[in-house]
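# Structural overview for review
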Amino acid sequence: MNNNVINVAIDGPAGAGKSSVAKAVAAKLGFIYVDTGALYRAIGVNALRNGVKTNDRSAVAGTLSDVKVELAFVSGVQKVLLNGEDVSVEIRTPEASMAASDVSAVPEVRDFLFDLQRNIAKENNCLMDGRDIGTVVLPDARVKIFLTASPEIRAGRRYKELIEKGSQVEFKDVLEDLIKRDYNDSHREIAPLKPAEDGIIIDTSELDFEGSVNVIINAIKEKM
Ligand code: DC
């Protein structure tokens, strides 16, 4: 274990801007950016591919015996590999989002992904984004941030992202899915989404991208 590594945890609900903002912050700090949601998405996609109901705990747990999930960093960009196949694009569909939220409530899935996340953080200065990073995965992270924004603002950002990628979605469906996912993620029994006790809560509803990046960089600098 390298005691000199610096870990920053960023948690928050879907669409709070975590991935885009956190990526930019990590680049400015020279840290690797780890998107842990991609791991849950890969398990969700694997369940969907195998025709497993994603809200059936024992069936989902059963898929773990022959699944391999890995993260690779290519020029600093994270790729997620499912049994060796790069599924970085396939994990971004609305179906994969809901499947990820379902499988993330399965304790066996959380256990399965725990070491992978911890091992990356042990060896690298990293900014890790998820739902339980400051509370469960890296309780000793140097800085813990909880990034949030109103559901409408978050759904608007997600909608724009999906439309830009060519998806045919309605704003009301994106908002509905996001509210459902928020509920699932914050009401599950294990590792629910919530701010760490010593976390810094940042609301980005009124902030643009640059503003969000600056607020986070300043919060990190203050703690370091
Ligand atoms: O960050 P995201 O939207 O890609 O995450 C997809 C789902 O995975 C989300 O609904 C909750 C779950 N998740 C989790 O439970 N814990 C994490 N550390 C990251 C994501």
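Just so it is clear, the structure is predicted and the values come from calculations on it, not from any experiment. (Residues numbered from 1 in each chain as written. Predicted model: local features only at pLDDT ≥ 70, side-chain atom pairs only at ≥ 80, totals over all residues. Heavy atoms only, no water.)

### Quick word on the overall build of the chain
Along its length, the chain carries 9 helices and 8 strands. For 224 residues, the compact-globule estimate of 2.2 N^0.38 gives 17 Å, and the chain sits close to it at 17 Å. A principal-axis box enclosing the C-alpha atoms of the chain has dimensions of 50 × 45 × 35 Å. Every one of the 224 residues in the chain was classed for burial, and the buried ones make up 48%. (Helix = DSSP H or I, 4+ residues; strand = E, 2+ residues; numbered from the N terminus. Rg over C-alpha atoms; globule rule 2.2 N^0.38 Å. Buried < 20%, exposed > 50% of the residue type's maximum accessible area, 1.4 Å probe, protein only.)

### Some remarks on the sheet that holds strand β3 (residues 69–74)
The strand order β3-β4-β5 describes an open sheet built from 3 strands, whose pairing is antiparallel. Whereas interior strands pair on both sides, the edge strands pair on one side only; in this sheet they are β3 and β5 (85–86). Alignment of β3 against strand β4 (residues 77–82), held across 6 bridges, turns out to be antiparallel. From the neighbouring strand, A72 faces β4, where its bridge partner is K79. Its contacts with the sheet place helix α2 (residues 37–49) against β3, β4 and β5, and it is angled at close to 30 degrees to β4. (Pairing = 2+ DSSP bridges. Contact = heavy atoms within 4.5 Å. Axes fitted to C-alpha atoms, helices over the stretch in contact; angles between N-to-C directions.)

### Brief notes about the site of the ligand
Of all residues adjacent to the ligand, which total 16 residues, the nearest are R41, R110, R131, R181 and R188. At 2.9 Å, a side-chain N or O of R131 approaches an oxygen atom of the ligand. Separating a nitrogen atom of the ligand from a side-chain N or O atom of D132 is a distance of 2.9 Å. The protein chains hide 97% of the 440 Å² of surface that the ligand would expose on its own. Sorting the residues of the shell around the ligand by element identifies α2, α4 (94–103) and α8 (171–187) as the ones contributing at least two each. For the shell around the ligand, the element with the highest residue contribution is α2, accounting for 3 residues. Of the residues belonging to the shell around the ligand, the class tally is 3 nonpolar, 5 polar and 8 charged. (Near = heavy atom within 4 Å. Polar contact = N/O pair within 3.5 Å; in protein donor to acceptor, adjacent residues only side chain to side chain. Areas by Shrake-Rupley, 256 points an atom, 1.4 Å probe, with all protein chains shown as cover. Nonpolar A, V, L, I, M, F, W, Y, C, P; charged D, E, K, R; others polar.)

### Quick word on the sheet that holds strand β8 (residues 200–203)
Strand order in this open sheet of 5 strands is β2-β6-β1-β7-β8, and the pairing throughout is parallel. With partners counted over all chains shown, the strands left at the sheet margins are β2 (32–35) and β8, one partner each. The average undirected angle you get between the axes of adjacent strands in this sheet is 20 degrees. The pairing of β2 with strand β6 (residues 126–130) spans 4 bridges and is classified as parallel. By the bridge assignment, V34 is partnered in β6 with M128.

In short, the description is geometric, and any link to function would need to be established separately.
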